[in-house]
Structure formats: C-alpha cells, structure tokens
Amino acid sequence: MSLSDSLYQEVLLDHYQNPRHHGKMEHSDLHQEGVNPLCGDEVELFLKLNGDIISEISFVGKGCSISQASASMLTDSLYGKTISEAKSLIHEFKGMLLEDKLPNFSEDYEDLESMEAVKKIPARIKCATLAWNTLEKAIGK
Amino acid sequence: MSFDLEKIRGDFPILSTQMNGKPLVFLDSAASSQKPKSVIDTIRKYYEAENANIHRGVYYLSQKATEKYEMARIKTSRFIGAACAKVVIFTRNTTESINLVAQSWGRTNIHEGDEIVLTELEHHSNLVPWQMLAQEKQAVLKFIPLNQDSTLDLSNLDEIITERVKLVALAQMSNVTGTIHDLSAIVRRAREVGAKVLIDGAQGICHLPTNVQKEDFDFYAFSAHKMLGPTGVGILYAKEEILDTMPPWMGGGDMISKVWKDKSTYADLPARLEAGTPNISGVIGFGAALEYLESIGMQEIRNHELELLQYALDRLEDFGGLELYGTNDLSKRGGVISFNFPGVHPHDVGSILDEEGIAIRVGHHCAQPFMDFKGIAGTCRASFYLYNTKEDVDSLLVGLKKVKEIFGRVLKR
C-alpha cells in the first residue's frame, strides 16, 4: 500500500467528510482556539464539564483533511471521558506522532491509529497534532 | 541561439535526481528556482581558491574577491538596464530590499496623512513593511482593487492615486496567479501626482525581459534565488537621485567614511547602504546565474514558458472540475498556475503529489488578502521555469488523477 493510500484511508476521509461533534457551543466551560500560522489550519474547541467529566465536546475549524479529521477523532474519543483520561490520551497520541512510539490505544480509541501514517509525512504532523495541542492548552498541562 | 531544452535540463544536476523513487518533477520555481552547474561551480571555486573578505585587504585574494563581487554588480546593472553599477545595492532578499526603502526613504519622506498605494494581490513582503511604516507615521494605505480574473481594476486609478499619494508599490508579476500587471498606466499616473513607484520584481525579473530605465521605475527590488542564483542575495535598484538622498539604515563597517567616538560620516553609494560583510560567494554566484540567463535569452525563456502555460491550461481545463485562478489572456500572465480541487484542501493535494515525486506549492503563498478576496484558504500552485517540459505537465495531471481517485471515495457521497 502506498503512503498516501495508507494515510488517506476510509476512516480518515470519513471523519473529514462527516465530522463528529461539529459546531459551536453556547456557554461552554472551556473554549480554546488553535492555529497553524504557516498553513492556516484552524481548530476551535468547546467543552462542558460535569465535575471531572467531559459531558459535552465540540469543534469547528477549517483546514486540510488531516487537521479536521484529527479534531473529529479527538472529540469522538473524549466525549464522556474524564480530564485525566484526556490528558493521558493526548500524551499517547502525541507520543505516537512526535516520539515514534507504537500506538497502544484501547478499543474506544481505535480510529486514532489511522493517524499513525502521518508520521511518514513529517510536513503534515503539525496538522494532525493541532487539535491535540489546542486541547492541551484548554485543559492546562 | 536556439532554445535547447535537453541541454538546459542537463545543466541542472538536481533535475536528474529521484524523489520517493520517482523522477523529480519540479514545479515550484516561483518559490525558488533550481541552480545550474555553472552557479554551483562558481561558488565552490570561490571557497576553494578565492575566499577572502572584500573592500579591506591589500593582499591578492581580497582584491580578487572584491573585483569579482563588484563585477557581479556591473553585470546586474546591465541585466536590468540601469545607468551605472552604483545604483545596485546588494541586500539579503527582496524582502530586505523593500524594508530598506521603507526604513530609509520611507521614514524620511512619508508623513502623517500621506498615502501609500498597493494592490490586493501583493506578497506579504510588499505589504507588511508598508503597514509598519503607515502605523509609525500615521499614513494611509490604499489598494488598487482586482477584477475577478485577478487582473487589476484600473478604472478608478485617478481617484486612487491622488496628490496625497507619495508611493505606489506593487508586484511586476503575481506569485499566486502569474498576473503581469500593466505597469505603464500606473507609472504614468504616479508621475502626474509626483508619487514614486516601487516595483517588487521578485517574480518578474526571472521571467520577463525588464529594463528599469525604459519602464521608468523609481525602485526595483528582487532576489537572486528565483533567477538561478543562490539564496541570501537580494537586490535593490533605485534612481541615483533618489539613492543620493537616502540616509543609511544599518550602521557598521563598510558604510562609513570617517568614524570618531561620537559621530561618523558615511561612505558614497553603494557602500552607504551595504553595512557589514555581505554574502560574497552568493553575489559572485549570482553573477554566474546572470551569465547563464543571458546565454539563453530572456525572450526565449518567456516564449518557452508561454508554450508550457498554454499546454498546461488546456490540459487542466480538459481534466474537468478544477477551479482555476488568473487571466486567460496570456500576454498578461507568466508561467504560474493556481488552482483548487473542490472539496480537497491544497495541503492534501500537495502531499499526494509529493509521493509521486511532484513538487508544487500549496497554501496561501504569503498573499492572504488575495485568499480573502477569493474566499479560499489557499491554492495549489504549479510554476514553470526554463527547464520544465510538457512531460512535467503530463506528470502533474497523472498526480491529480490520483488525488481524484483517493478523495473520490468520499466526495461522491
């Protein structure tokens, strides 16, 4: 399978074309904008919290398929999860792309493995990590 | 001399390399051109056998380096049709040349309420320096608007370029759409109101025969690296009577005449505007690039690019479904094609083509106001130079077909 075939798989293209949890949210508890100035990709995240639990999450944005699909996968993965689960998922996702660690996602997060192919295209890693860096900013390290 | 494409391609070592196991198809010369062997060899020879600082040493090597550096200045002045060599100032790039004008001439001559006219198709390097100057001086920026085909709308030129305008600054050719602007009408109007004209020649000089005196430019800024030369060499031309009035903008060695503890007097042109050790090997290499371009002929290069442009535009039209930007009047267009694949972001197109060994530029091309005008995030841009072939265009089309296949899976739904 060629590089672009392994990257642009059905799962990525599906998230790009049918983004989950897409839209702005009124009265969110956490709101954060992220941008990659060189390529212009944008992601805006909204979260509502119930104690430690992410009770609602959504995003809007514009940019390439990788940046937007990654944001869609992020919201899909973290809906109903806790902040500490979010932190460890950010850690694992960024570890896969930035530190070449093997992905070891649980079943809940299996879509995320499709993003592993991005690391073979270094110029696009910042697209894949944009939403995750934005979330990191929103919830604090 | 006839235009021998095969021989020209043989002069560029990089064109016979492979990218991702495929022959390199280089369609990004508008960002930076490739370099011929003669330029690479000239730089190598300088470092191997001629390296020394210039304008200082009394020994042989320094004098030889100075001679070659100054010879490149003479070649540059001839290439652009300047009256003499001392009106050619070497900088680091086009951006620095424009900033030099803004900081030196601009700070002296632009005052509160004065107006600077730009276009909506400018590169950020011919926009941001003027924004900074306007903020500092409380001056006003105005823009010549665009027609839908990305040519300039000159119908209200007299209302835009008024007596309050001190400078009109615009590109000779757009790096996004390849549009070649009708500069004569703008220069004529600027003369009527006593405004100066700065032309950003970064994209123009490499593709079009240009004569700064005949075209009556006050300032002309460009870079070596887009015209077969090395990076790190920019050029500013200005009329001598303007340069004579421009104060230094960077202080240091080489730009002085006499220095005391508390004050200095400044050198004559061009040294007054060239502080510090310059990019000596780069300037000498640039001299070799100019010789190469002259040996081919700028009109021949222009003709070759027009042929490629026509061929590529026809094939892209036939491909169907692509959004193409820029005018179809090829007399107003250089070898640059910006397009979009509806539903597919330019960066995705760029990555898929990269895998096929095809290098194009994707994104906003440092021209965000134009992207706003069109309501798009960016474009895919294929740009041609003297070494490109119709086969390169065919490869691009094969790559685009692959994009269509991959994204077709979702776009059809």
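What counts, and where the lines are drawn
- Residues numbered from 1 in each chain as written.
- Chains lettered and ligands numbered in written order.
- Predicted model: local features only at pLDDT ≥ 70, side-chain atom pairs only at ≥ 80, totals over all residues.
- Heavy atoms only, no water.
- Helix = DSSP H or I, 4+ residues; strand = E, 2+ residues; numbered from the N terminus.
- Rg over C-alpha atoms; globule rule 2.2 N^0.38 Å.
- Buried < 20%, exposed > 50% of the residue type's maximum accessible area, 1.4 Å probe, protein only.
- Contact = heavy atoms within 4.5 Å.
- Areas by Shrake-Rupley, 256 points an atom, 1.4 Å probe, with all protein chains shown as cover.
- Lys, Arg positive; Asp, Glu negative; His and termini not counted.
- Charge placed at Lys NZ, Arg CZ, Asp CG, Glu CD.
- Phe/Tyr/Trp six-rings, centres within 6.5 Å; stacked < 30°, edge-to-face > 60°.
- Buried area = accessible area lost by both parts, 1.4 Å probe.
- Salt bridge = Lys/Arg side-chain N within 4 Å of Asp/Glu carboxyl O.
- Polar contact = N/O pair within 3.5 Å; in protein donor to acceptor, adjacent residues only side chain to side chain.
- Pairing = 2+ DSSP bridges.
- Axes fitted to C-alpha atoms, helices over the stretch in contact; angles between N-to-C directions.
- UniProt positions renumbered as here; feature names shortened; annotations may be inferred.
- Parallel < 35°, antiparallel > 145°, perpendicular 65-115°, else oblique.
- Nonpolar A, V, L, I, M, F, W, Y, C, P; charged D, E, K, R; others polar.
- Expected span 1.5 Å × (residues − 1).
- Bend = angle between axes of the 7 residues up to and from the residue.
- Arc of directions from axis to C-beta.
- Right-handed = clockwise from strand over helix to strand, strands pointing away.

Trainee: Could you give me a rundown of the overall build of chain B, with the residues and numbers involved?
Mentor: Per the secondary structure count, chain B includes 13 helices and 17 strands. Taken over the C-alpha trace, chain B has a radius of gyration of 22 Å; the compact-globule value for 413 residues is 22 Å, and the two agree within 12%. Put simply, chain B has 413 residues, and 56% of those count as buried. Put simply, of all contacts in chain B between residues at least 6 apart along the chain, 71% involve residues at least 24 apart. Per element, the accessible surface of chain B, about 16,700 Å² overall, is 50% carbon and sulfur. Each charge class in chain B was averaged separately, 45 positive and 53 negative side chains, and the resulting centres sit 4 Å apart.

Trainee: I'd like a rundown of the packing of aromatic side chains, residues and numbers included.
Mentor: Residue and element names in this part refer to chain B. Applying the stated criterion across every chain yields a total of 13 aromatic pairs over all chains. A ring pair is formed by Phe12 and Tyr292, whose centres lie 5.7 Å apart and whose planes are at 90°; its orientation type is edge-to-face. A residue pair is termed long-range when its members are at least 10 positions apart, and Phe12 in the loop between helix H1 (5-10) and strand E1 (18-19) and Tyr292 in helix H9 (residues 280-296) qualify at 280 residues. Accessibility classification places Phe12 together with Tyr292 in one group, the buried group. Measuring from centroid to centroid gives 5.5 Å for Tyr69 and Phe90, while their planes differ by 65°, and the two rings are edge-to-face. Linking Tyr69 in helix H3 (residues 60-80) with Phe90 in strand E4 (residues 88-91), this pair joins segments that are 21 residues apart in sequence.

Trainee: How would you sum up the interface of chain B and chain A? Please name residues and give values.
Mentor: Contacts between chain B and chain A engage 16 residues on the former and 21 residues on the latter. Both sides together, the interface formed by chain B and chain A hides about 1,600 Å², and carbon and sulfur atoms give 49% of it. Summed over the shared surface of chain B and chain A, the number is one salt bridge. Between B:Asp348 and A:Arg124 there is a salt bridge; the shortest N-O distance is 3.0 Å. One can count six residue pairs in polar contact (both at pLDDT 80 or more) joining chain B with chain A.

Trainee: Mind laying out the sheet that holds strand E2 (residues 41-50) of chain A, listing which residues take part and the relevant values?
Mentor: All names here are of chain A. With antiparallel pairing, the three strands of this open sheet are ordered in space as E1-E2-E3. Since the sheet does not close on itself, it has two edges, and those belong to strand E1 (30-36) and strand E3 (53-62), each with one partner. Mean inter-strand twist for the sheet, computed between neighbouring axes without regard to direction, equals 15°. As paired elements, E2 and E3 share nine bridges and run antiparallel to each other. Residue pairing in the sheet places Leu49 in a bridge with Ile54 of E3. The sheet strands contacting helix H3 (residues 65-78) are E2 and E3, and the helix crosses E3 at an angle near 170°.

Trainee: How would you explain the UniProt feature "domain: NIF system FeS cluster assembly NifU N-terminal" (unreviewed entry) in chain A if you had to name every residue and give the values?
Mentor: When the UniProt feature table is mapped onto this chain numbering, "domain: NIF system FeS cluster assembly NifU N-terminal" (unreviewed entry) sits at residues 8-92 of chain A. Each end of residues 8-92 of chain A is marked by a C-alpha atom, and these two atoms are 21 Å apart; helix forms 38% of the span and strand 32%.

Trainee: Let's hear about the packing of helix H2 (residues 10-17) of chain A against H3(A): which residues, and what values?
Mentor: Residues and elements named next belong to chain A. Close contact between H2 and H3 brings their axes to 8 Å; oriented N to C, the two are set at 85°. Relative to H3, the element H2 is oriented roughly perpendicular. Contacts from Val11, Leu12, His15 and Tyr16 of H2 reach H3 at Ser65, Ile66, Gln68, Ala69, Ser72, Met73 and Asp76. Class assignment of the residues belonging to the contact of H2 with H3 gives a composition of six nonpolar, four polar and one charged.

Trainee: Run through helix H4 (residues 94-109) of chain B, naming residues and quoting values.
Mentor: Residue and element names in this part refer to chain B. Counted at 1.5 Å a residue, the expected span for H4 with its 16 residues is 22 Å, and the 21 Å between its end C-alpha atoms agrees. The axis of H4 is deflected most strongly, by about 25°, at Ala102. Along H4, the residues classified as buried are Thr94, Glu96, Ser97, Ile98, Asn99, Leu100, Val101, Ala102, Ser104, Trp105 and Gly106.

Trainee: Talk me through the side chain of B:Asp392; I want residue IDs and the actual numbers.
Mentor: All names here are of chain B. Mapped onto the elements, Asp392 comes out in helix H13 (residues 390-411). A polar contact of 2.9 Å, which involves the side chain of Asp392, links it to the side chain of Asn388. Excluding its chain neighbours within four sequence positions, the residues that come into contact with Asp392 are Arg9, Val25, Leu27 and Tyr387.

Trainee: So what's going on with the side chain of B:Glu96? Which residues, and what values?
Mentor: Looking at the secondary structure, you find B:Glu96 in helix H4. Contacts of B:Glu96, omitting those with residues within four sequence positions, involve B:Thr91 and B:Trp249.

Trainee: Please provide a residue-by-residue account of the UniProt feature "domain: Aminotransferase class V" (unreviewed entry) in chain B, values included.
Mentor: Within the UniProt annotation, "domain: Aminotransferase class V" (unreviewed entry) is assigned to residues 25-396 of chain B. A distance of 8 Å separates the end C-alpha atoms of residues 25-396 of chain B, which is 38% helix and 17% strand.

Trainee: Account for helix H2 (residues 37-50) of chain B, naming residues and giving values.
Mentor: In an α-helix, one turn spans 3.6 residues, which is why side chains three or four residues apart end up on the same side. Residue and element names in this part refer to chain B. Taking 1.5 Å per residue, 14 residues should reach 20 Å; H2 reaches 18 Å between its end C-alpha atoms and fits that length. Buried residues of H2: Val39, Tyr46 and Glu50, and no others. Buried residues of H2 fall within an arc of 65° about the axis and therefore sit on the same side. Residues Arg44, Tyr47, Glu48 and Ala49 are exposed on H2 and point more than 90 degrees away from its buried face. Residues of H2 that are buried sit in contact with H3 and H9.

Trainee: So what's going on with the pairing of strand E7 (residues 165-171) of chain B? Residues and values would help.
Mentor: All names here are of chain B. By the criterion of burial, E7 is predominantly enclosed, with six of the seven residues buried. Inspection of the sheet shows strand E5 (residues 115-119) paired to E7 by three bridges, in the parallel sense. Opposite Glu115, over in E7, you have Val165 as the bridge partner. Bridge analysis of E7 against strand E8 (residues 196-200) gives five bridges, and the strand direction is parallel. Paired with Ala169 across the bridge in E8 is Leu198. In terms of handedness, the path from E7 via helix H7 (residues 183-193) over to E8 forms a crossover that is right-handed.

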